[in-house]
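# Residue-level structure breakdown
Here's the letter readout for the chains.
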Amino acid sequence: MSIHLENVGIAVRDLDETIAFFTDLGLTVVGTDEVSGEWASTAVGLDGNHAKIAVLQTPDGQGQLELFEYIHPDAIETAPTLPNEIGMHRVAFSVDDIDASLEIAARHGCFPLRGVANYQDVYKLTYLRGPSGILVMLAQKLA
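The following refers to the structure shown. Note that this is a predicted model, so its numbers are computed, not measured.

Definitions and limits used
Sequence positions are assigned chain by chain, starting from 1 and proceeding in written order. Where totals are concerned, whole chains, interfaces and linings use all residues; where local detail is concerned, this predicted model gives features only for residues with pLDDT of at least 70, and gives and counts side-chain atom pairs only at 80 or more. Only hydrogens and water are set aside when side-chain values are computed; all heavy atoms of the structure are taken into account. Helix and strand assignments come from DSSP, with helices taken as H or I runs of at least 4 residues and strands as E runs of at least 2, each series counted from the N terminus. The globule rule used for comparison is 2.2 Å times the number of residues to the exponent 0.38, while the radius of gyration itself is calculated over C-alpha atoms. Contacts were defined at the residue level, with two residues in contact if any of their heavy atoms lie within 4.5 Å. Only the protein chains shown count as cover for residues, and all accessible areas are computed by the Shrake-Rupley method using a 1.4 Å probe. This count recognises Lys and Arg as positive and Asp and Glu as negative, with His and chain-terminal groups excluded. All charge positions are set by atom: Lys at NZ, Arg at CZ, Asp at CG, Glu at CD. Partly exposed residues are those whose accessible area sits between 20% and 50% of the maximum for their type, while under 20% is buried and over 50% is exposed, using a 1.4 Å probe and protein chains only. The arc in question is formed by the directions pointing from the helix axis toward the C-beta atoms. N or O atoms within 3.5 Å of each other form a polar contact, as long as, within protein, one can give a hydrogen and the other can take it, and as long as residues adjacent in sequence are counted only when both atoms are side-chain atoms. By definition here, a salt bridge exists when the distance from a side-chain nitrogen of Lys or Arg to a carboxyl oxygen of Asp or Glu is within 4 Å. Detection works on a 1 Å grid of protein atoms alone, calling trapped sets that fit a 1.4 Å probe cavities and calling open sets with protein on both sides within 12 Å along at least five of seven lines pockets, with lining residues defined by an atom within 4 Å of a point. Grid points are joined across faces, edges and corners, and a volume is the space filled by probe spheres set on the points. Classification used: nonpolar for Ala, Val, Leu, Ile, Met, Phe, Trp, Tyr, Cys and Pro, charged for Asp, Glu, Lys and Arg, polar for all others including Gly.

## Some thoughts on the overall build of the chain
Counting its secondary structure elements, the chain contains three helices and eight strands. In terms of C-alpha radius of gyration, the chain reaches 15 Å, essentially the compact-globule figure of 15 Å for 143 residues. Viewed in the frame of its principal axes, the chain has a C-alpha envelope of about 40 × 35 × 30 Å. Within the chain, contacts between residues at least 6 apart in sequence are counted, and of these 57% link residues at least 24 apart. Summed over its atoms, the accessible surface of the chain is roughly 8700 Å², and 54% of this surface lies on carbon and sulfur atoms. For the chain, the distance from the average position of its 8 positive side-chain charges to the average position of its 20 negative side-chain charges is 6 Å.

The structure is reproduced here in structure tokens:
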């Protein structure tokens, strides 16, 4: 079974402002979109999930950030985390077998928040709560 880090997702208050910051640091915008619908709600485990998103890539092509600004439900303000606080929004991985990956996660007591979503027959994906409450997205490219 192979596993590959896809991106790190970060919820932001203002997408344009955040894109400007990271592009000034040298990242490149790969694409932007607005996501919603049943597949988005199922994958993320959040009813009515609707967000503006942007994917940025590091200059070496090895790392990506997915930034998102929630349209619905309203974003919840929290205090910025400190370096020693446990948790982050999510880490995403592409896997070649999502079912095998979920079996491994289950052995650690980690299960999908809602289920496995099918995004336009391109990806099967899900969010699960990992160790220390970290949200982990697993995605398997179909075909």
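There's more to say after this.
## A look at helix α1 (residues 15-24)
Three or more residues of α1 are buried, namely Leu15, Thr18, Ile19 and Phe22. All buried residues of α1 lie within an arc of 100 degrees about the axis, which places them on one face of the element. Of the exposed residues in α1, the ones pointing more than 90 degrees away from its buried face are Asp16, Glu17 and Asp24. Packed against the buried residues of α1 are β2 (28-36), β3 (50-57) and β4 (64-72). N-cap assignment for α1: the residue whose side-chain oxygen lies 3.1 Å from the backbone N of Asp16 is Asp14. Directly after α1, the chain includes Gly26, whose backbone phi takes a positive value near 120 degrees.

## Focus on the pattern of salt bridges
All chains considered together, the criterion is met by five salt bridges. Among the ionic pairs, Glu69 bridges to Lys52, the shortest N-O distance being 3.7 Å. Here the residue Glu69 occupies a position in strand β4, and Lys52 occupies one in strand β3, the gap between them amounting to 17 residues. According to the relative accessible area criterion, Glu69 is buried, its value standing at 18%. Arg90 is the salt-bridge partner of Glu66, the closest N and O atoms lying 2.8 Å from each other. Of this pair, Glu66 sits in strand β4 while Arg90 sits in strand β5 (residues 90-95); the two residues are 24 residues apart in sequence, bridging distant segments of the chain. With respect to burial, Glu66 and Arg90 carry one shared label: buried.

## Here we look at the layout of surface pockets
Taken as a whole, the second largest pocket holds about 720 Å³ of empty space. Along its surface, the second largest pocket is lined by 29 residues, and Asn7, Trp39, Ile53, Glu66 and Met137 are the ones closest to its centre. Only β1 (3-11), β2, α2 (38-44), β3, β4, β5, β7 (123-129) and β8 (135-141) provide two or more residues apiece to the lining of the second largest pocket. If one sorts the elements of the lining of the second largest pocket by residue count, β2 sits on top with five residues. In terms of residue class, the lining of the second largest pocket is made up of 17 nonpolar, seven polar and five charged.

Interpretation note: all reported values are geometric properties and have no functional meaning in isolation.
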